[in-house]
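The lines below spell out each chain.
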Amino acid sequence: MAKPFVLSLLLLAALVAAIALWRDPYLLVRAEFARQRVAAGLSAGTLEAAGHRWAYAYREADDPAAPTLVMLHGYTGSKENWYPLARELRGRYRLLIPDLPGWGASERKPGAAYGFPEQAERVAAFLRAASPDRPVVLLGHSMGGGIAALVAARHPDTVAKVGLLNAAGVRFKDNRFGLAVLAGRNPFAVEDAEGLQRYLDTVFFDAAAKPWIPWPASTGLIEKRRADAAFEQSVLDRIGRGEDSLLPGEEAARIRQPALLLWCRQDAVIDASALDLYAARIPQARKVLLDGCGHMSLMERPREVADAVIGWIDAHNGVAGH
């Protein structure tokens, strides 16, 4: 009698799961993100700062005196982009990895602006809430790199060191992506399966590191990106071609903290020429140029990025606020 009952329960559970996935195929994406978070040794948290609810992943350091690393994702990205790097760094530092306001699981407010200066002020508020006792090591990728540069320049009390990975905010050498943005298009737009593949092919160079997104997870991701299209466009209008689009590079000259500039030579989004443009404004920065990877250095080369971050932080252990 027990076996038919158990079988019935399993069939019922499968039916419920199928209905849930039919209603919301993005459930699979969220489940995979949760699996990746646990695999990276991270926990989930939320806090209120700058009038927004922030979702973030975190892990305490093995040594309570270790630095706090805060990692800011890029345009159309989320905190999950940092998980491969977090796996390489876990235990060594206290890690705080937020979804920026408007993105991922963090709050988005209708009518609010989410460009570089607005997000920089929100991040400064997040840092004061999450690390009130001492400044942090702030890492930013792509759009998050531009935001990190502004925070370091405008709020040096919150940032002990700043690392910019494939960072936006300077007028790099023309490429297909940049010209499309300047022409008013969104090269990252995803409307269908072909658009999703084009997006992945643009941001990743190393085929082995490119994520595999099977159906129906791909359907959920495509639906979410389509629903976010207007928001994505509004942000790109600001950070890609608006009056504040080059603000991070302009204000980077005010950065006095130890800095790291890391790019991939094959970046098809923010051309590697941006590394030297930032370096001209931040002469104290350590420069790292990786080969065989594209825009997603933190996912394509997490071990090499971790080595660069660790070496850079260790080289400045004598700097106040470490």
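The structure displayed is predicted, hence computed values, not measured ones.

Draft legend 1. Geometry of the overall build of the protein chain. When you go through the protein chain residue by residue, the secondary structure sums to 13 helices and eight strands. For 322 residues, the compact-globule formula gives about 20 Å, and the C-alpha radius of gyration of the protein chain, at 20 Å, lands near that figure. Along the first, second and third principal axes, the C-alpha set of the protein chain runs to 75 × 50 × 40 Å. Buried residues in the protein chain amount to 52% of all 322 residues. Here the analysis covers contacts within the protein chain between residues at least 6 apart in sequence; of these, 76% occur between residues at least 24 apart. Here the protein chain has roughly 14,400 Å² of accessible surface; of this, 57% comes from carbon and sulfur atoms.

Draft legend 2. Local environment of the packing of helix H4 (residues 116-130) against helix H5 (residues 143-154). Their axes nearest at 9 Å, the elements H4 and H5 cross at an angle of 65 degrees. If you check the angle between H4 and H5, you find them roughly perpendicular. Of the two possible hands of crossing, H4 and H5 adopt the one that is right-handed. Seen from H4, the contacting residues are Phe116, Pro117, Gln119, Ala120, Glu121, Val123 and Leu127; seen from H5, they are Met143, Gly146, Ile147, Leu150, Val151 and Arg154. For the contact of H4 with H5, a count of residues per class yields nine nonpolar, two polar and two charged.

Draft legend 3. The packing of helix H7 (residues 193-203) against helix H8 (residues 217-227), seen in detail. Taken N-terminus to C-terminus, the directions of H7 and H8 make an angle of 85 degrees; their axes are 10 Å apart at the nearest point. Considering their axes alone, H7 and H8 lie roughly perpendicular with respect to each other. Taking contact as the criterion, the partners of Ala193, Leu196 and Tyr199 in H7 are, on H8, Ser218, Leu221, Ile222 and Arg225. Across the contact of H7 with H8, the residue classes break down as five nonpolar, one polar and one charged.

Draft legend 4. Here's a closer look at the environment of glutamine 257. Within the secondary structure layout, glutamine 257 lies in the loop between helix H10 (247-251) and strand S7 (259-264). Glutamine 257 sits in the buried class, given a relative accessible area of 8%. Note: C-alpha distance between glutamine 257 and alanine 160 (97 residues apart in sequence) is 6.2 Å. Setting aside its immediate chain neighbours within four residues, glutamine 257 contacts Ala152, Pro156, Val159, Ala160, Lys161 and Gln284.

Draft legend 5. Here's a closer look at the pattern of salt bridges. A complete count under the given rule lists 22 salt bridges for this structure. Its salt-bridge partner being arginine 226, residue glutamate 191 comes within 3.6 Å of it at the nearest N-O pair. Placement of glutamate 191 in the loop between helix H6 (176-182) and H7 and of arginine 226 in helix H8 is noted, with a sequence separation of 35 residues between them. Of the residues examined, glutamate 191 reaches a relative accessible area of 44% and is grouped as partly exposed.

Draft legend 6. Geometry of the state of the cysteines. This structure, assessed with the given rule, holds one disulfide. Between the sulfur atoms of cysteine 264 and its disulfide mate cysteine 293 the distance is 2.1 Å. Here cysteine 264 and cysteine 293 share a disulfide; its torsion about the S-S bond, -90 degrees, makes the bridge left-handed. Of this pair, cysteine 264 sits in strand S7 while cysteine 293 is found in the loop between strand S8 (286-290) and helix H12 (297-300), placing the two residues 29 residues apart along the sequence. For cysteine 264, a relative accessible area of 0% puts it in the buried group.

Cut-offs used in this document
- Residues numbered from 1 in each chain as written.
- Predicted model: local features only at pLDDT ≥ 70, side-chain atom pairs only at ≥ 80, totals over all residues.
- Heavy atoms only, no water.
- Helix = DSSP H or I, 4+ residues; strand = E, 2+ residues; numbered from the N terminus.
- Rg over C-alpha atoms; globule rule 2.2 N^0.38 Å.
- Buried < 20%, exposed > 50% of the residue type's maximum accessible area, 1.4 Å probe, protein only.
- Contact = heavy atoms within 4.5 Å.
- Areas by Shrake-Rupley, 256 points an atom, 1.4 Å probe, with all protein chains shown as cover.
- Axes fitted to C-alpha atoms, helices over the stretch in contact; angles between N-to-C directions.
- Parallel < 35°, antiparallel > 145°, perpendicular 65-115°, else oblique.
- Left-handed = near helix turned anticlockwise from the far one by under 90°.
- Nonpolar A, V, L, I, M, F, W, Y, C, P; charged D, E, K, R; others polar.
- Salt bridge = Lys/Arg side-chain N within 4 Å of Asp/Glu carboxyl O.
- Disulfide = S-S within 2.5 Å.

Function cannot be read off these values alone, since they describe shape.
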